[in-house]
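Read off the chains here:
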Amino acid sequence: MEKTFDPQSIEQTCYQRWENSGHFAASGKGDPYCILLPPPNVTGSLHMGHAFQHTIMDALIRYKRMKGNNTLWQVGTDHAGIATQMVVERQLNAQGQTRHDLGRDDFVKKIWEWKAHSGGTITGQMRRLGTSPDWSREVFTMDDNLSEAVTEVFVKLHEEGLIYRGKRLVNWDPVLHTAVSDLEVVNEEESGHLWHMRYPLADGSGHLVVATTRPETMLGDTAVAVHPDDERYRSLIGKEIKLPLSDRLIPIIADDYVDLEFGTGCVKITPAHDFNDYEMGKRHSLPMINIFTADAKVNDDAPEAYRGMDRFDARKQIVADLDALGLIEKIDDHKLKVPRGDRTGAVIEPYLTDQWYVAVESLAKPAIEAVESGEIRFVPENWNKTYYQWMHNIQDWCISRQLWWGHRIPAWYDNNGNVYVGRTESEVREKQGLANDVVLHQDEDVLDTWFSSALWPFATMGWPKQTPELETFLPSSVLVTGFDIIFFWVARMIMMTKKFTGQIPFKDIYITGLIRDENGDKMSKSKGNVLDPIDLIDGIELETLVEKRTAGMMQPQMAEKIAKRTRKQFPEGINAYGTDALRFTFAAMASTSRDINFDMARVEGYRNFCNKIWNASRFVLMNTQDADTGAKGGELQLSVADKWILATLQKTRADIETALADYRFDIAAQHMYEFTWNQFCDWYLELTKPVLNNEDATDAQKRGTRHTLVNVLEQLMRLLHPFMPFITDTIWQQVAPLCGHALEADATIMGQPFVEEVPELIDEEIIADIDWLKKCIVGVRNIRGEMDISPNKPLNVLFKNASASDQRRTQDMQVFLTRLGKLESITQLADGEEAPPSATAIVGDMEVLIPMAGLIDKDAELARIDKALDKLSKDIQRVEGKLANEKFVANAPDAVIAKERAKSEDFQSQQRTLMAQRETIASL
RNA sequence: GCGUCUAUAGCUCAGUUGGUUAGAGCGCUACCUUGACAUGGUAGAGGUCCCCUGUUCGAGUCAGGGUAGACGCACCA
């Protein structure tokens, strides 16, 4: 083995071995355990959020697989309609073309080509991360069988009247030329203006003033509304306005939606371009005048002067024209929420179009109940409040998109405007009795990407066919995802899965935090703070990183800023930390908080942890590889330390399993780290040296310790494997044979059982023995450290006031004490025997004394004692204060009181000892 | 407006139903190249648990109020 852990030299061969072993597929034995991978965009690449979630999922999958479950990780990718179409469209634009130049068929062909070209990126990256899904079942949302499920669901919902087509106001993205759902619109507060415009009364008797943030929409005004109780305007209700610039007559109507307090109390009503106005328009049967094209340019229904103008140019022109007519009363600065498309950033235009909708109310009810009843459980639990809040106010879902990439809507139109929904055109013809000479054309639109994603839990299992997988793996065990897609995806999966299978899609929903940068900022290309997980695994040169972060920036000055910041943060580039270190970092950071600030120092720390594991293994192998480990029999005599590490490993195993059952990966990681470093390496390995290097030790003793060394290491590798698959398998390959396992050629740790529970190994007395040993050694080291005694200087120590058990322990562990404490001798003082002036460490009632002669400065030891006494007196004061409180003694549970009493006694005994010591030393 | 979350060591974070002397990693200080490991070892320093009030024998933990910040939903033209 190399002296330093080198992740790159081991990762590739491991993954090959795993894939070849066939363990990724469900075993067919044991209780089913299934995780559905939230399908990433097929043409996307792995970002930190993926790497985080995939680590969690893989850890669960590997753990459950080792626990003997019939384990399936269903993998696949999403066609991601808008995102993918935009990527390919941008490529076309770069060549001076648009998708319209190609036409639909050729454009879609181009997207498939792009998918073929880049579709393997993310799955390749998942392999680098060590994930172990069943690749043989990998699906794509536009595969034939998934598309079939999509059609089936659409048709069935339509038959039940739960999918309908309607002309309504939708969120229109004028850049993409498509409707988007409410969820795809982000409302950000921006600075704008409130224009106060004079609207003349038709009878020439005066004017009203209306306030608006969007003056250009006046071209589509069909009324002015006031509050029915508004004294100022009551007499005007029913009269007419002569709409400036258009010269149309529009009524003044009364509606209590109007807020008397806001603006002038008069509202211009544009039913075709505002959601509230639309509702009011319907209430009052107002005409709806659409004044924009799909590009959000003024259309031919508007006055000629503005036709063809962009909506924002039209705004300027209209304000100028009104001003020229003296119709602008005033312009105020105003903060308003501007709706923008989450993909394009374009201002969304409420736009009157024909779209398909899902009526969600009846679907939402059982989906709410599934969570209320506890059948589905959010982890952490409070996310169910977010879920309820949205589900109780859920609106019908606009599912049609005017895109070319996606599942085509299974609806056909004849030339008379009739619409027929069916699985295929021929089914439609047959069902409707339409002759072959009736011309039908299919709906041009595609479905919202999330429509197919909503079917993921059952469509991936073969639905609408009744398959064994559907039987076995629905409901799946846990969904691991981010809170950002609870509405987009999680809620819709629950609705659709309940509707079409009667089952819940998953039992637990583990909601992960969002990975942010070290300052708590969201990682984004435009901020230039994105970390690529693969760069943390393989490392990256500074210049390459700078180039990567600044490539394709829209603004050159931003690129400069980002380059500067990157150079400052990573002057040496990024080291290659390896997959295991990265995965362990993610696990350790997976606490219950909703934001996770990614700290590079953690990765480095866990890379060091990998190195520690590596070197501990080197030590074990060096001492066992060419020696008798008892694998073939022979008497085994275990030392106290051997028994102790076996007990401690058992306790750790239990702690880790408890943490994993609670999805507390941070706690599990903590236990793994603590045991490996602070117990196994710091103490146990040191405690084996006195046995292995002791010429007086018997063969049975040496064999016993070697046997324990290899077996604990072998178990430790299995314990850590779910989090750190590569390093553990690599080491396991070497250590398992020393434990007597005959390895097949393709053997891998991932096919091994998890560490078994053996309660009888947990021997509390042994644990107490080693605890005592540690206290003695730490006591000596402490005095060495504080008194500046060289760690190499052998010491003669005295044990004073040693009880029978202290004496027994001294006897049993003498070799450990002397080796680890670097002691020349240990002398037990008899009762009443005078001790020379010494520095003192307290272990229970016993004192460990290091004679000062020639070693220890009087004043230094006095200072050390004073410091300890100071702390003790504060402790005693606090505890005694509590015990003196009658109410405490009367009310607190007996166990608590007993504990406080014991504490008090312990403190006081320590205090007496130290005071006596102080006196002796002071009198020198 | 409604709702959710966060505030603990210089930094990043743990701290289960109230009950040890509030912990870890990183960073910091001193010493140590000792035959697994300097990506290491030993020892150490470092905390007004955001503030106020309350409940309680007892509050980092519970309740109320406040301050600062993050997020979701719905919004007045």
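Procedures and definitions
Residues numbered from 1 in each chain as written. Chains lettered and ligands numbered in written order. Predicted model: local features only at pLDDT ≥ 70, side-chain atom pairs only at ≥ 80, totals over all residues. Heavy atoms only, no water. Helix = DSSP H or I, 4+ residues; strand = E, 2+ residues; numbered from the N terminus. Rg over C-alpha atoms; globule rule 2.2 N^0.38 Å. Buried < 20%, exposed > 50% of the residue type's maximum accessible area, 1.4 Å probe, protein only. Contact = heavy atoms within 4.5 Å. Lys, Arg positive; Asp, Glu negative; His and termini not counted. Charge placed at Lys NZ, Arg CZ, Asp CG, Glu CD. Expected span 1.5 Å × (residues − 1). Phe/Tyr/Trp six-rings, centres within 6.5 Å; stacked < 30°, edge-to-face > 60°. Pairing = 2+ DSSP bridges. UniProt positions renumbered as here; feature names shortened; annotations may be inferred. Near = heavy atom within 4 Å. Polar contact = N/O pair within 3.5 Å; in protein donor to acceptor, adjacent residues only side chain to side chain. Nonpolar A, V, L, I, M, F, W, Y, C, P; charged D, E, K, R; others polar. Axes fitted to C-alpha atoms, helices over the stretch in contact; angles between N-to-C directions. Parallel < 35°, antiparallel > 145°, perpendicular 65-115°, else oblique.

### Points about the overall build of chain A
- For chain A, the helix and strand inventory stands at 31 helices and 29 strands.
- A compact globule built from 924 residues should have a C-alpha radius of gyration of about 29 Å, whereas chain A, at 37 Å, is more than 25% larger.
- Oriented by its inertia axes, the alpha-carbon framework of chain A measures out at about 120 × 65 × 60 Å.
- Here chain A holds 924 residues, and 54% of them are scored as buried.
- In chain A, 78% of the contacts between residues at least 6 apart in sequence involve partners at least 24 apart.
- Distance between charge centroids for chain A: 2 Å, based on 103 positive and 138 negative side chains.

### A look at helix α3 (residues 81-94)
- Its 14 residues give α3 an end-to-end C-alpha distance of 20 Å, which sits within 8% of 20 Å, the value for a rise of 1.5 Å per residue.
- Taken as a whole, α3 has its buried residues at G81, I82, A83, T84, Q85, M86, V88, E89 and L92.
- Two residues or fewer past α3, G96 is found with a positive phi of approximately 75°.

### Section: the packing of aromatic side chains
- A full pass over the atoms with the stated rule returns 37 aromatic pairs.
- Their ring planes at 50° and their centres at 5.5 Å tell us that F5 and W614 sit as a pair that is tilted. One end of the pair, F5, is in the segment before α1 (8-21); the other, W614, is in helix α21 (residues 600-624), and 609 residues separate them in sequence. One exposure class covers both F5 and W614, and it is buried.
- Where Y164 meets Y357, the ring centres are 5.5 Å apart and the plane angle is 20°; that geometry is what we call stacked. Of the two residues, Y164 is situated in strand β5 (residues 163-173) and Y357 in strand β14 (residues 349-358); the sequence distance between them amounts to 193 residues.
- What links up through ring pairs into an aromatic cluster is the set Y510, F584, Y606, F609, Y663, F665, Y673, W677 and F723.

### Describing the pairing of strand β28 (residues 838-843)
- The buried fraction of β28 amounts to five of the six residues, a majority that puts the element mostly inside the structure.
- Where β28 lies against strand β29 (residues 846-851), six bridges are found, and the strand directions are antiparallel. Each bridged residue has a counterpart across the sheet, and for A841 the counterpart in β29 is V848.
- Turn length for the β28-β29 hairpin, with the two strands adjacent in sequence and antiparallel, is two residues, and the turn residue G844 shows positive phi of about 60°.

### Some thoughts on the environment of M787
- Following the sequence through the fold, M787 ends up in helix α26 (residues 764-787).
- Separated by 682 residues in sequence, M787 and D105 place their C-alpha atoms 83 Å apart.
- Apart from the residues within four sequence positions on either side, M787 is in contact with I856, A860, E861 and R864.

### What about the UniProt feature "binding site: ATP" (unreviewed entry) in chain A?
- UniProt marks K525 with the feature "binding site: ATP" (unreviewed entry), using the numbering shown here.
- Its place among the elements puts K525 in the loop between β24 (514-516) and α17 (533-538).
- The contacts of K525, once residues within four sequence positions are left out, are V530, K548, R549, A551, M553 and I562.

### A few points about the protein's contact with RNA strand B
- If you check the shell around RNA strand B, you find 59 residues, and the closest are D259, N276, K337, S591 and K903.
- What you see for RNA strand B is that sugar and phosphate hold 61% of its atoms within 4 Å of the protein.
- Measuring from a base nitrogen of RNA strand B, one finds a side-chain N or O atom of K337 at 2.3 Å.
- Here the surface near RNA strand B is composed, by residue class, of 19 nonpolar, 18 polar and 22 charged.

### What about the side chain of D221?
- Looking at the secondary structure, you find D221 in the loop between β8 (207-212) and β9 (223-226).
- Residue class for D221 comes out buried when judged on its relative accessible area of 0%.
- Reaching out from D221, the side chain makes a polar contact with the side chain of K268 at a distance of 2.9 Å.
- Side-chain polar atoms of D221 contact the side chain of T270, separated by 2.6 Å.
- Among residues more than four places away in sequence, those in contact with D221 are Y199, L243, R248, I250, K268, I269 and T270.

### Let's talk about unusual backbone geometry
- Geometrically, the link from V379 to P380 is a cis peptide bond, its omega value of -5° lying close to zero.
- For P380, the location among the structural elements is in the loop between β15 (377-379) and α11 (383-392).
- Between W463 and the following residue, P464, the backbone shows a cis peptide bond with an omega angle of 10°.
- Tracing the backbone through its elements, the reader meets P464 in the loop between α14 (456-459) and α15 (468-473).

### Overview of the sheet that holds β14
- Taken in spatial order, the four strands of this open sheet run β6-β5-β14-β16, and their pairing is antiparallel. The open sheet has two edge strands, β6 (178-180) and β16 (397-398), and neither has a second partner.
- Here two bridges tie β14 to β16, and the two strands are oriented antiparallel to one another. Considered in β16, the bridge of V358 is made with W397.

### Quick look at the packing of helix α20 (residues 579-589) against helix α23 (residues 665-692)
- Interhelical geometry of α20 versus α23 gives an angle of 120° and a closest axis separation of 6 Å. Taken as axis vectors, α20 and α23 run oblique relative to one another. Together, F584, A587 and A588 of α20 and F665, D666, A669, M672 and Y673 of α23 make up the contact between the two elements.
- Residue composition of the contact of α20 with α23, by class: seven nonpolar, no polar and one charged.

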